[in-house]
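# A closer look at the structure
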Amino acid sequence: MEHGETDGISTLLAAAQRPSAAWPKAYPEIKFFGFFCSYWPEELALSVGWEPLRLLPPLQPGMAARLPAYTCAVGRGCLAQAENGAYRQLAGVGFAHTCDTMQSLFGVWRSLFAGGEALPGDESTFMVVPPANLLAIGAESYYRAELELLWHRLMARAGQKPEEEALRGAIRLANRIRRQVEELERRRAWLPSDLVAALLRAGQLMPRANYDQQLAQALKQLEDYPSSLAGRVPLVLSGSVLEGDGIYRLIEDLGGRVVADDTCTGTRHYLGLVDEEEEPLLALARRHLSRPACPCRHQGLPARLDHLKGLLRQREARGVLLVLRKYCEPHAWDAVPLRDGLRDAGVPALILELDGTAPGEQERTRLQAFLEGLAGGS
Amino acid sequence: MARKDYIPLKSSGPLQRLMKRYYLLTRYHHLWGRPLRRPLAWITSGAPVEILQALGIDSLYPENYGAIYGARRKGGALALAAETKGFSPDLCSYARANLGAIYHPDREPLGGLPRPDLLVISSNICGTVLKWYEALARHYGVPLLIVDTPFVAADDGVSRQHVVAYVRGQLRQLIADLTKITGRPLPMTELERRIKWSNEAVQLWEEIRRLGRNRPAPLNVPDLFIQMAPIVVLRGTPQAVAYYRQLYAEAKERVRQGLGAVPGEKYRLLWDNIAIWHHLYRFFNLFSRRGAAFVVDTYTAGWAGTMAPGDPLESLARTYTEVFLNQSFEFRVRQMIQLIREYKVDGFVMHSNRSCKPYSLIQEEMRRRVMAETGVPGLIVEADMTDERAYAEEPIKNRVEAFLESLEGGGD
């Protein structure tokens, strides 16, 4: 279905609903390479000929035998699937060192895929360590060297030699997608929040060249959508990984609209182009340092607050919804100063903690009250 | 009193005096530090303190205060004070308790924390410290200086050259920033002197720990938890060196006399993770009263590595990047297996510490691997280092008793 069908929207929606673990089975002819976080440089896997597949937990995550109950749903859910053998067909898995959970999961995952044996460990599990302090002196040259090492390891694993032209081609493809996402963002306010979320999620799951084509089709189809907010309350949504559309749908049901999406699986994943004229690895490092950061990175104290305030102004939103996933520490740390900073600036903000991906009745009531307050204040 | 299962150390008196002096000087730093133009930095346990000392900057370790709050059973109340400001109860309890102590100085058991002039962190122990100190920097409006020490993913535990160059460059920048703050240049001879004292203290600390290889072991791990305070907060000072010489002599004398910390040592155990500060002796006594001694642990080993050779900055860069909490899973599995073999351990106990994810999330897989490799049984107990609200006494007691029974039954 994904190959050749011209109805971009329905193709992308179907792709977005397909769980990560189902992709390798559905398309055994494609070599998928799993990754966890937006900081993983997709272009490197693409240049090897592997299709980057974001590993998202299932909507009903199981309990991984190897992790304690106080682990976030991403760690727990994905490892439970791996323990059940769901990811044996992947060409490899890439971790970007972002939080303590990703650091730990890397070790456990690698041990698991080595069959619980002692060293030498599994050679298909990779870790790249981006700078945590994006303002640190030497961060750029450090990260370029780190990316070069990673690229060579990936190539060695694939039995290939590093080809700069292959990497440039991957960068061009990833940039084309990012430009199309920019186009989608320009129309976001008129589109259902859950539709946009699904379209963006599809781009982290399906083969990228196909996604590029289907998104172009979808954008054409979306030209016919009415250009109106239709009385909806415009919101900025910020948070970590959202593997389903539940919260977006709830916002729509309650009369809201996500006009800017600062989540790890939403727009933030796509922000920032790679300079195609520059030496490729340096250009990738520069994108990492300059794109809007997640809470795991330090870009100066006011950076994230300023980013959210900027989104609020540009998109004429009335409030900010800060979605916390249970046990996601970096976002939990930022939620308090962001809420307080926004309120100090006169911007209504609500912190909503989700245990799973689907909000329950309590979350519904709180969100409803928040949106009613925003609507009443118009 | 639970302490009857231990033979108390004579060095405990001098330790108390040494630490009391440190806390008193720190508490009243504003009275003497400012006139002497000695800024006060709040720093993480993995920050390169030797540079600060050489520049005449005094240090306070909020993690160390977190342990004290736990030991005094104030951790839960202080953490709650941070939670009422909106901080999640799932965040690190050292951090929550520290923020609670700032919001409610009246509840701080040492009489209130002195205000920092600056904050210095290294990212080598966890991701939490970055966020915690960002919160502190916002609260106090003081400079936050960060040494980004990339995670060592390689199994050999050695940082690659580009990593060392990156950290070294940041240390140079740190010196430049601190020089601006103090208005004083860095005297290299003083830095070398501080590194030398650090080295002497960590070497002594390692020698003290290694005495645990004797049967019976002269020290039990809760002793090490109490005795580690100077290696954390007075590293790089002659006082720490002098104190550990004294402790070494006492422990060595116990070995000579064949005196064990746990009378009638029957089982030798290894401990993994930070202490359960609020139930330190109460928890460890569950073991010692059955003749089970903790002869070694992975946590206090974190302060036992000597400085890497080379010029001072390269040495500091390597040493602080390669601390054990910044090391890969495979490295830590190897380390534990090595300790089990060196110390002839019969079993190991892992504290699944809700507050320390980099330590705890890998433990179940580590337990499986270590048991498969050594045949030594391992137990996991869930608790929290400082927040006593997360301690379920009866279930823990039952699990410990079952574990000890299995040891007595020869591992059935």
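In this report, the structure presented in the accompanying data block is examined.

Rules and cut-offs
- What you see as residue numbers is a count from 1 along each chain, following the sequence as written.
- Numbering of ligands from 1 and lettering of chains from A proceed in the order in which they are written.
- pLDDT decides what is reported in this predicted model: residues at 70 or higher carry local features, side-chain atom pairs at 80 or more are listed and counted, and totals for whole chains, interfaces and linings draw on all residues regardless.
- Side-chain numbers here rest on the full set of heavy atoms in the structure, without hydrogens or water.
- Whether two residues touch is decided by their heavy atoms; if any such pair falls within 4.5 Å, the residues are in contact.
- Here's the idea: put two parts together, see how much 1.4 Å probe accessible area each one loses, and the total over both is what we call buried area.
- The working definition used for a salt bridge is a side-chain nitrogen of Lys or Arg within 4 Å of a carboxyl oxygen of Asp or Glu.
- Secondary structure elements are defined from DSSP: runs of H or I of at least 4 residues count as helices, runs of E of at least 2 residues count as strands, and each element is numbered from the N terminus.
- Relative accessible area decides the class of each residue, using a 1.4 Å probe on protein chains only: under 20% of the type maximum gives buried, over 50% gives exposed, and in between gives partly exposed.
- Every helix has an expected span of 1.5 Å times one less than the residues it contains.
- A 3.5 Å cut-off defines polar contacts: any pair of N or O atoms within that distance qualifies, except that in protein one atom must be a possible hydrogen donor and the other a possible acceptor, and neighbouring residues in sequence count only when both atoms are side-chain atoms.

### Section: the interface of chain B and chain A
Tallying the contact residues gives 49 residues for chain B and 50 residues for chain A. Roughly 4400 Å² is buried in total at the junction of chain B and chain A, and carbon and sulfur atoms are behind 61% of that figure. The largest per-residue losses of area from chain B upon contact with chain A belong to Lys131, Phe151 and Leu361 of chain B, which jointly make up 16% of the total buried on that side. Between chain B and chain A we count five salt bridges in total. Note that Arg110 of chain A is salt-bridged to Asp155 of chain B, the shortest N-O span being 2.9 Å.

### Regarding unusual backbone geometry
In this model, Arg215 of chain B is joined to Pro216 of chain B through a cis peptide bond whose omega is 0°. With respect to the helices and strands, the residue Pro216 of chain B is situated in the loop between α9 (188–210) and α10 (221–227). At Glu316 of chain A, a position not held by glycine, the phi torsion is positive, near 55°. Looking at the element boundaries, Glu316 of chain A is found in the loop between α12 (303–314) and β7 (319–325). According to the relative accessible area criterion, Glu316 of chain A is exposed, its value standing at 64%. Even without glycine at this site, Arg73 of chain B takes up a positive phi of about 60°. Relative to the helices and strands, Arg73 of chain B is located in the loop between α4 (62–71) and α5 (75–83).

### Notes on α12 of chain A
Because each turn of an α-helix spans 3.6 residues, side chains separated by three or four positions end up pointing in the same direction. Residues and elements named next belong to chain A. Taking 1.5 Å of rise per residue, the 12 residues of α12 would be expected to cover 16 Å, and the 16 Å separating its terminal C-alpha atoms lies within 8% of that figure. Within α12 the residues assigned to the buried category are Arg304, Leu305, Leu308, Gly310, Leu311 and Leu312. Looking at the packing, one finds that the buried side of α12 touches β5 (233–239), β6 (256–263), β7 and α13 (329–344). In the stretch just after α12, Glu316 is the one whose phi turns positive, near 55°.

### Structural notes on the environment of Arg368 of chain B
All names here are of chain B. Within the element layout of this structure, Arg368 appears in helix α17 (residues 363–374). Classification of Arg368 as partly exposed rests on a relative accessible area of 33%. Sequence spacing of Arg368 and Ser328 is 40 residues, and the spatial spacing of their C-alpha atoms is 16 Å. For Arg368, the side chain forms a polar contact with the side chain of Glu364, separated by 2.9 Å.

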